[in-house]
Amino acid sequence: MSLEPDILTEWPWWFPINQVEELESMAAVGYTPEKIAMYFDVNREEFLQEFQREHSRIRYHYERGILVNEAKEAIATQNAANEGNATQAQRLDKKRFQIMFQQLKERIIYGKE
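Description of the structure in this document. Quick caveat: nothing in here was measured; it's all calculated off a predicted structure. (Residues numbered from 1 in each chain as written. Predicted model: local features only at pLDDT ≥ 70, side-chain atom pairs only at ≥ 80, totals over all residues. Heavy atoms only, no water.)

**A closer look at the packing of aromatic side chains**
- In total, this model carries eight aromatic pairs according to the counting rule given.
- Ring geometry for F15 against F40: centres 4.9 Å apart, planes inclined by 70°, an arrangement best described as edge-to-face. Of this pair, F15 sits in the segment before α1 (20-28) while F40 is found in helix α2 (residues 33-40), placing the two residues 25 residues apart along the sequence.
- Taking the relative accessible area as the measure of exposure, F15 reaches 3% and is therefore buried.
- Three or more aromatic residues joined by ring pairs make a cluster, and in this case those are W11, W14, F15, Y39, F40 and F47. (Phe/Tyr/Trp six-rings, centres within 6.5 Å; stacked < 30°, edge-to-face > 60°. Helix = DSSP H or I, 4+ residues; strand = E, 2+ residues; numbered from the N terminus. Buried < 20%, exposed > 50% of the residue type's maximum accessible area, 1.4 Å probe, protein only.)

**A few points about the pattern of salt bridges**
- Enumeration over the complete set of coordinates arrives at five salt bridges.
- Close ionic contact of R64 with E24 constitutes a salt bridge, the shortest N to O distance being 2.8 Å. Here R64 is found in helix α4 (residues 57-82), whereas its partner E24 is found in helix α1, with 40 residues between them in sequence.
- You can call R64 partly exposed: its relative accessible area is 36%.
- R96 is the salt-bridge partner of D93, the closest N and O atoms lying 4.0 Å from each other. Here R96 and D93 lie together in helix α5 (residues 86-110), a separation of three residues that amounts to about one turn.
- According to the relative accessible area criterion, D93 is partly exposed, its value standing at 48%. (Salt bridge = Lys/Arg side-chain N within 4 Å of Asp/Glu carboxyl O.)

Below, the structure written as structure tokens:
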């Protein structure tokens, strides 16, 4: 069962669908789409074109990988802060500010809700 939104485009035939988790992991550690295309040895131009398409599954999994990683870090930080770790409490405040700032920026600049 897939939890991906129905609005996403079809999976590109040239990208191995069984590599989704690896794609997400690479995005989470900061690899660019160009480097990911090279890693998977797929045509760079095709990969980037698919990445830029509206509702692209590649883009969805790239962004999901980043989000999942950030969320796991934030949850671990929150757990440590709740246990009384002052340094982690400061990191959590900083992370919350960064998330709030990004959301406000997207609302103001791009009209996202």
